Amino acid sequence: MIENQKIRPAQVVGPLGEPLTLDSLPPANTTRWVVRRKAEVVAAVNGGLLSVDEACKRYDLTLEEFASWQRAVDRSGMHGLRVTRIQYYKSLYERQQRY
C-alpha cells in the first residue's frame, strides 16, 4: 500500500505557488505566526512534505490548533487564517451551511 510507504516529495507547491521544501519552511522556533507561515505549514502537510504529527511536534502546536488552520484554509483560503477575520469567516461559513 502506498500510504504505508515512506515516500515523500522533495518539494510541494506553497500557498503562493512557489516551491516549498523542508529547508524553506518556517523555522522550528517560530513564535509569531503570520498568515503566510501558517499557510506554508498547512501546504506542507497537505502535500505530504510533513505529517500532521511531525508538524505539531516541530512547531509545538496542538492538534486542534493545526486542524483549525487547515479548516480555515479549506473554507476561506489564506484570508481565513487572519486572526482579525476568524469570527467573520466563521459566521459566514455557518450562514452558508444553513442555506
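Everything numeric here is computed off the predicted structure, so don't read it as measured data.

Enquirer: What is the right way to read the nonpolar core from this model?
Expert: Soluble globular proteins: nonpolar side chains tend toward being buried together. The biggest cluster of nonpolar side chains holds 20 residues, and the ones touching the most others in it are Leu25, Val41, Leu50, Tyr59, Leu61, Phe66 and Trp69. Of all the secondary structure elements, the ones that give two or more residues to this core are helix H1 (35-47), helix H2 (52-59) and helix H3 (63-76). Take this core: its biggest share by element is 6 residues, from H1. Sequence-distant contacts of phenylalanine 66, that is, excluding residues within four places in its chain, are made with Val41, Val42, Val45, Val52, Cys56 and Leu61.

Enquirer: Explain the pattern of salt bridges here, please?
Expert: A side chain of one charge can pair with a side chain of the opposite charge if their charged atoms are brought near each other. Under the definition given, this model contains 2 salt bridges. In this structure, arginine 8 and glutamate 54 form a salt bridge, with 2.7 Å as the shortest nitrogen-oxygen distance. One end of the pair, arginine 8, is in the segment before strand E1 (12-13); the other, glutamate 54, is in helix H2, and 46 residues separate them in sequence. With a relative accessible area of 42%, arginine 8 lands in the partly exposed category. Of the charged contacts, one joins glutamate 40 and arginine 36 as a salt bridge, the two residues approaching to 3.0 Å between their closest N and O atoms. Taken together, the positions of glutamate 40 and arginine 36, both in helix H1 and 4 residues apart, correspond to about one turn of that helix.

Rules and cut-offs
- Residues numbered from 1 in each chain as written.
- Predicted model: local features only at pLDDT ≥ 70, side-chain atom pairs only at ≥ 80, totals over all residues.
- Heavy atoms only, no water.
- Core = buried A, V, L, I, M, F, W, Y, C linked by side-chain atoms within 4.5 Å.
- Buried < 20%, exposed > 50% of the residue type's maximum accessible area, 1.4 Å probe, protein only.
- Helix = DSSP H or I, 4+ residues; strand = E, 2+ residues; numbered from the N terminus.
- Contact = heavy atoms within 4.5 Å.
- Salt bridge = Lys/Arg side-chain N within 4 Å of Asp/Glu carboxyl O.

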